[in-house]
Amino acid sequence: AQSVTQLDSQVPVFEEAPVELRCNYSSSVSVYLFWYVQYPNQGLQLLLKYLSGSTLVESINGFEAEFNKSQTSFHLRKPSVHISDTAEYFCAVSTGNQFYFGTGTSLTVIP
Amino acid sequence: DAEITQSPRHKITETGRQVTLACHQTWNHNNMFWYRQDLGHGLRLIHYSYGVHDTNKGEVSDGYSVSRSNTEDLPLTLESAASSQTSVYFCASSESFGGINTEAFFGQGTRLTVV
């Protein structure tokens, strides 16, 4: 079975600083990759996804993630964070008609 | 716009009672999932369905059941609620492409407290 590891459970970062949230998964068999964001008392919303094509994918609010097949990683990055980016972030892998989620990274942006 | 809705948003129930959480999607997706979210555990799969009359157990299915009588709905039933089932429950739906699930769409969640 697939497993997804988010190494950092909490990441504090100052406003306008860069951030990287790390995600590794266990198997490089055909997969789709996702990052979801969860704001307090809300459901998960898709931030970005990799299905095929370019290994670098971007979201509309400045996040990007790169699919690295050899390292089985899909790290999320943003060059300059904003207060509104404070949220829980989940990495997810889809393979064989199942989703596998990491345990989440709590990003806190400090003014 | 298509959506996935859960009801109720909040529920308090007593130990031993039967509780049903509703999930309704208008995406016309074949695949539907129930997860519970607990601090430190992320999302854990309870049950899932790949189509009408299809149901499957996930990693934490004990004490829960689902039924799929149509494409739109996958209600989750707690047969006899226990305090360990106090959690936030999320329903999700997706379609698959080439045998792999594409994007999952989530409901807003149901916060269940068992007292």
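1. Some words on the overall build of chain A
Then, in step 1: Scanning chain A from terminus to terminus reveals 0 helices and 12 strands.
Then, in step 2: Here the C-alpha radius of gyration of chain A, 13 Å, is about what a compact globule of 111 residues would show, namely 13 Å.
Then, in step 3: In terms of its C-alpha atoms, chain A occupies a principal-axis envelope of roughly 40 × 30 × 20 Å.
Then, in step 4: Buried residues in chain A amount to 47% of all 111 residues.
Then, in step 5: Put simply, of all contacts in chain A between residues at least 6 apart along the chain, 55% involve residues at least 24 apart.

2. Regarding the overall build of chain B
Then, in step 1: Along chain B, the regular secondary structure elements total 0 helices and 13 strands.
Then, in step 2: The secondary structure elements of chain B, listed N-terminal to C-terminal, are β-β-β-β-β-β-β-β-β-β-β-β-β.
Then, in step 3: A globule of 115 residues ought to have a C-alpha radius of gyration of about 13 Å, and chain B, at 13 Å, matches this closely.
Then, in step 4: With respect to the principal axes defined by its C-alpha atoms, chain B has extents near 45 × 25 × 25 Å.
Then, in step 5: In chain B, which comprises 115 residues, the share counted as buried stands at 50%.
Then, in step 6: Taking as baseline every contact in chain B between residues at least 6 positions apart, the subset at least 24 positions apart corresponds to 53%.
Then, in step 7: For chain B, the separation between the mean place of its 8 positive charges and that of its 12 negative charges on side chains is 9 Å.

3. As for the interface of chain B and chain A
Then, in step 1: At the junction of the two partners, chain B supplies 26 residues and chain A supplies 21 residues.
Then, in step 2: At the junction of chain B and chain A, the tally comes to 1 salt bridge.
Then, in step 3: Put simply, glutamate 103 of chain B and lysine 49 of chain A hold a salt bridge, and the shortest N to O gap is 3.6 Å.
Then, in step 4: Between chain B and chain A we count 8 residue pairs in polar contact (both at pLDDT 80 or more) in total.
Then, in step 5: Elements with a minimum of two residues in the side of chain B that touches chain A: strand S4 (31-38), strand S5 (42-51), strand S9 (87-94), strand S10 (96-97) and strand S11 (100-101) of chain B.
Then, in step 6: In terms of residue count, the dominant contributor to the side of chain B that touches chain A is S5 of chain B (5 residues).
Then, in step 7: For the side of chain B that touches chain A, the residue count by class is 11 nonpolar, 12 polar and 3 charged.

4. Here's the deal with unusual backbone geometry
Then, in step 1: Following serine 7 of chain B, the chain continues to proline 8 of chain B via a peptide bond in cis, the omega torsion being -5°.
Then, in step 2: By secondary structure assignment, the location of proline 8 of chain B is in the loop between strand S1 (4-7) and strand S2 (10-13).
Then, in step 3: One non-glycine residue, glutamate 16 of chain A, lies in the positive phi region at around 75°.
Then, in step 4: Residue position: glutamate 16 of chain A is located in the loop between strand S2 (10-14) and strand S3 (19-21).
Then, in step 5: Of note in this structure, histidine 53 of chain B is not a glycine but carries a positive phi near 70°.

5. Concerning the pairing of strand S8 (residues 64-68) of chain A
Residue and element names in this part refer to chain A.
Then, in step 1: Residues of S8 alternate between two faces, with Ala65 and Phe67 buried on one and Glu64, Glu66 and Asn68 left unburied on the opposite face.
Then, in step 2: Direction of pairing for strand S7 (residues 56-58) relative to S8: antiparallel, over a ladder of 3 bridges. Bridge assignment links leucine 56 to a residue of S8, and that residue is glutamate 66.
Then, in step 3: Counted along the chain from S7 to the antiparallel partner S8, the turn is 5 residues long, and its residue glycine 62 has a positive phi close to 95°.

6. Here's the deal with the pattern of salt bridges
It is possible for side chains of opposite charge to pair when their charged atoms get near one another.
Then, in step 1: Applying the stated criterion across every chain yields a total of 7 salt bridges over all chains.
Then, in step 2: Where aspartate 38 of chain B meets arginine 44 of chain B, a salt bridge forms, and the shortest distance between an N and an O atom there is 2.9 Å.

7. With respect to the environment of lysine 11 of chain B
Residue and element names in this part refer to chain B.
Then, in step 1: Tracing the backbone shows lysine 11 in strand S2.
Then, in step 2: In this structure, the C-alpha to C-alpha distance between lysine 11 and threonine 86, residues 75 residues apart in sequence, is 9.9 Å.
Then, in step 3: In this structure lysine 11 touches Val19, Arg111, Leu112 and Thr113, once residues within four positions along its chain are discounted.

8. Concerning the sheet that holds strand S3 (residues 19-25) of chain B
Residue and element names in this part refer to chain B.
Then, in step 1: Spatial ordering of the open sheet is given by S1-S3-S8-S7, a layout of 4 strands whose pairing is antiparallel. Since the sheet does not close on itself, it has two edges, and those belong to S1 and strand S7 (64-66), each with one partner. Adjacent strand axes in the sheet meet at a mean angle of 20°, parallel and antiparallel pairs treated alike.

Criteria and cut-off values
- Residues numbered from 1 in each chain as written.
- Chains lettered and ligands numbered in written order.
- Predicted model: local features only at pLDDT ≥ 70, side-chain atom pairs only at ≥ 80, totals over all residues.
- Heavy atoms only, no water.
- Helix = DSSP H or I, 4+ residues; strand = E, 2+ residues; numbered from the N terminus.
- Rg over C-alpha atoms; globule rule 2.2 N^0.38 Å.
- Buried < 20%, exposed > 50% of the residue type's maximum accessible area, 1.4 Å probe, protein only.
- Contact = heavy atoms within 4.5 Å.
- Lys, Arg positive; Asp, Glu negative; His and termini not counted.
- Charge placed at Lys NZ, Arg CZ, Asp CG, Glu CD.
- Salt bridge = Lys/Arg side-chain N within 4 Å of Asp/Glu carboxyl O.
- Polar contact = N/O pair within 3.5 Å; in protein donor to acceptor, adjacent residues only side chain to side chain.
- Nonpolar A, V, L, I, M, F, W, Y, C, P; charged D, E, K, R; others polar.
- Pairing = 2+ DSSP bridges.
- Axes fitted to C-alpha atoms, helices over the stretch in contact; angles between N-to-C directions.

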